[in-house]
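Chain and residue survey
Here is how the chains run, residue by residue.
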Amino acid sequence: MFKINIVCTGTLKEKYFLSAQSEYLKRLSRFCQINITELQEQFLPQNPTENEIKNALDKEYQQLLPYLKGKILVCDPNGEQLTSEEFSKKLIKCFDTNNIITFVIGSSYGLSSKIKTNTLISFSKLTFPHHLMRIFLEEQIYRAFCINSNVAYHK
């Protein structure tokens, strides 16, 4: 069975996000084993300097390291933008050479440049809250499996 890890900075607290995540994890269980790892976001002052942001992102990167397994796909606005069909193909191609895919979602200030040496994917040029991005990612992973399995959901 396919294994997918989603490693993200920050936790879901709102009932509506938790409910949406629960639904997609339930749907995905027929296609893959999925694991969500939530890491603590670094505290930053109200108006942080560029250096404070960089240091916080580097500390968050250090927290990520133990969870980076298999093929790493980093969610980043500067990454490759794909259609759902292209994302589906990319996912299956990754599984051709790896038994685990790990997606990384950063905190509200993004991710350290150190993690961006991996494959970057973008879901839009728009900026989304990292909590919402997590739900988008889970939905797109589900959609990708539906596309590859010829399940009618994706249309």
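Residues numbered from 1 in each chain as written. Predicted model: local features only at pLDDT ≥ 70, side-chain atom pairs only at ≥ 80, totals over all residues. Heavy atoms only, no water.

**Thoughts on the packing of aromatic side chains**
- With the rule as written, the count across this model stands at ten aromatic pairs.
- Site record: aromatic cluster; members linked through ring pairs are F2, Y24, F31, F95, Y142 and F145. (Phe/Tyr/Trp six-rings, centres within 6.5 Å; stacked < 30°, edge-to-face > 60°.)

**Remarks on the layout of surface pockets**
- Of the pockets and cavities examined, the largest pocket occupies roughly 400 Å³.
- Lining the largest pocket are 22 residues; nearest its centre among them are C75, D76, P77, G110 and F128.
- If you list the elements that add at least two residues to the lining of the largest pocket, you get β3 (71–81), β5 (119–122) and α4 (130–148).
- Ranked by the residues each element gives to the lining of the largest pocket, the list is headed by β3, at four residues.
- Each residue belonging to the lining of the largest pocket can be placed in one class, and the counts come to eleven nonpolar, nine polar and two charged. (1 Å grid on protein atoms, 1.4 Å probe; cavity = no way out; pocket = protein on both sides within 12 Å on 5 of 7 lines; lining within 4 Å. Points joined across faces, edges and corners; volume = space filled by probe spheres on them. Helix = DSSP H or I, 4+ residues; strand = E, 2+ residues; numbered from the N terminus. Nonpolar A, V, L, I, M, F, W, Y, C, P; charged D, E, K, R; others polar.)

**Section: the pairing of β3**
- Relative to strand β4 (residues 100–105), β3 runs parallel, the two being bridged by four bridges. Within the sheet, the bridge partner assigned to I72 lies in β4 and is T102.
- Handedness of the crossover joining β3 and β4 through helix α3 (residues 84–97): right-handed.
- Bridge analysis of β3 against β5 gives five bridges, and the strand direction is parallel. Note on β5: the bridge partner recorded for C75 is I121. (Pairing = 2+ DSSP bridges. Right-handed = clockwise from strand over helix to strand, strands pointing away.)

**Description of α3**
- Under the 1.5 Å per step criterion, the end-to-end length of α3 is 21 Å for 14 residues, consistent within 8% with the ideal 20 Å.
- When α3 is considered as a whole, its buried residues turn out to be F87, S88, L91, C94 and F95. In an axial view of α3, the angular spread of the buried residues amounts to 125°, which keeps them on one side of the axis. Exposed positions of α3 whose direction lies more than 90 degrees from the buried face are K89, K93, D96 and T97.
- Where the residues of α3 are buried, they touch β1 (2–9), β3, β4, β5 and α4. (Expected span 1.5 Å × (residues − 1). Buried < 20%, exposed > 50% of the residue type's maximum accessible area, 1.4 Å probe, protein only. Arc of directions from axis to C-beta. Contact = heavy atoms within 4.5 Å.)

**Re the sheet that holds strand β2 (residues 32–39)**
- Spatial ordering of the open sheet is given by β2-β1-β4-β3-β5, a layout of five strands whose pairing is parallel. Each edge of the open sheet is held by one strand with a lone partner, namely β2 and β5. Between one strand axis and the next, the sheet turns by 30° as a mean value, whatever way the strands run.
- With six bridges joining them, β1 and β4 adopt parallel strand pairing. Within β4, the residue paired with I6 across the bridge is F103. (Axes fitted to C-alpha atoms, helices over the stretch in contact; angles between N-to-C directions.)

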